[in-house]
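# Descriptive structure summary
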Amino acid sequence: MAYDKFSIITSTAVPLAIENVDTDQIIPARFLKAVERKGFGDNLFRDWRYEKDGSKKTNFPLNNKTYSGKILVGGKNFGSGSSREHAAWAIYDYGFRVVISSFFADIFKGNALNNGLLPVVVTSEFLQKIFNAIEKNPNTTFDVNLEDQKFTISATGESIEFEINPYKKHCLKNGLDDIDYLLDMKEKIADFETAK
């Protein structure tokens, strides 16, 4: 499945200043029955977003019209818990393309990169600056420059570099998953086989 290509994303952000967000909170287990990657965004943070009667919890950031954008800013230790890939599917399907935190669980980070979602690790101090910028002005924008591997707070110009595996960087820039990457190299693989 191909994903959105990007090299630079400039967007507002949604703050989720909660630490230790696990994958069951991101997408509860009862919604893991589907095998296609569509529709999971509807149940992203389901138990935090909705009351038992199905009405929206007005105090939850994703339900607050003040916040919007393609960037989700989470607290420390985002994506802990079970290894469910559906957590990355749900965040991507909701419309986020970047998740910021000071620490990601390794399995979540891998799942995100495999599913068109860029996890950006920043220092705890810089993460607080991001939350402060959003609190000061919810319409403030951020630049995520994948090519230069740099995240910038547009209002202040403060930036921080982030790490990413070169292969995953190539895939995100070109909107490829692992299968697409191999298919993209079909001719080179055939040439290699005939050269044997």
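From a predicted model like this one, the values you see are computed outputs, not experimental measurements.

Attention now moves to the sheet that holds strand β2 (residues 13–16). The strand order β2-β3-β4-β5 describes an open sheet built from four strands, whose pairing is parallel. Where the open sheet ends on each side, the last strands, each with one partner, are β2 and β5 (118–121). Across the sheet, the mean angle from the axis of one strand to that of its neighbour is 20 degrees, orientation sign disregarded. As paired elements, β2 and strand β3 (residues 71–74) share four bridges and run parallel to each other. If you follow Ala13 over to β3, its bridge partner there is Ile71.

Our focus in this paragraph is the side chain of Ser11. Its location among the elements puts Ser11 in strand β1 (residues 8–11). There is a polar contact of 2.8 Å between the side chain of Ser11 and the backbone nitrogen of Lys70.

Backbone geometry follows two general trends: most residues other than glycine have a negative phi, and most peptide bonds adopt the trans configuration. Phi at Phe45 takes a positive value of approximately 50 degrees, unusual for a residue other than glycine. Assignment of secondary structure puts Phe45 in the loop between α1 (23–26) and α2 (46–49). You will see that Gln149, though not glycine, has its phi angle at about 55 degrees, which is positive. Note on placement: Gln149 falls in the loop between β6 (142–145) and β7 (150–153). With relative accessibility at 18%, the residue Gln149 sits in the buried group.

Moving on to the packing of aromatic side chains. Evaluation of the coordinates by the stated rule reveals ten aromatic pairs. Between Trp48 and Phe60 the ring centres are 6.2 Å apart and the planes differ by 55 degrees, which places this aromatic pair in the tilted class. Here the residue Trp48 occupies a position in helix α2, and Phe60 occupies one in the loop between α2 and β3, the gap between them amounting to twelve residues. Relative to Phe96, the ring of Tyr94 has its centre 5.3 Å away and its plane inclined at 20 degrees; by these criteria the two rings are stacked. Relative accessible area serves as the criterion here: at 31%, Tyr94 is assigned to the partly exposed category. Given a relative accessible area of 0%, Phe96 falls into the buried group. A network of ring pairs unites the aromatic residues Phe45, Trp48 and Phe60 as a single cluster. Over the ring of Tyr50 we find Arg46, and its NZ or CZ is 4.2 Å from the ring centre. Between the NZ or CZ atom of Arg97 and the centre of the ring of Tyr92, over which it lies, the distance is 3.6 Å.

On to the sheet that holds β6, then. Strand order in the open sheet made by the four strands is β1-β6-β7-β8, with antiparallel pairing throughout. Among the strands making up the open sheet, the edge pair consists of β1 and β8 (159–161). Shown here is a sheet whose adjacent strand axes are inclined to one another by a mean of 10 degrees, direction ignored. Bridging between β7 and β8 involves three bridges; their strand directions are antiparallel. Bridge pairing links Thr152 to Ser159 in β8. Across the sheet, helix α5 (residues 124–136) touches β6, β7 and β8, and the angle it forms with β7 is around 40 degrees.

Conventions and cut-offs
Residues numbered from 1 in each chain as written. Predicted model: local features only at pLDDT ≥ 70, side-chain atom pairs only at ≥ 80, totals over all residues. Heavy atoms only, no water. Pairing = 2+ DSSP bridges. Helix = DSSP H or I, 4+ residues; strand = E, 2+ residues; numbered from the N terminus. Axes fitted to C-alpha atoms, helices over the stretch in contact; angles between N-to-C directions. Polar contact = N/O pair within 3.5 Å; in protein donor to acceptor, adjacent residues only side chain to side chain. Buried < 20%, exposed > 50% of the residue type's maximum accessible area, 1.4 Å probe, protein only. Phe/Tyr/Trp six-rings, centres within 6.5 Å; stacked < 30°, edge-to-face > 60°. Lys NZ or Arg CZ within 6 Å of the ring centre and 35° of its normal. Contact = heavy atoms within 4.5 Å.

Keep in mind these values describe shape, not function.
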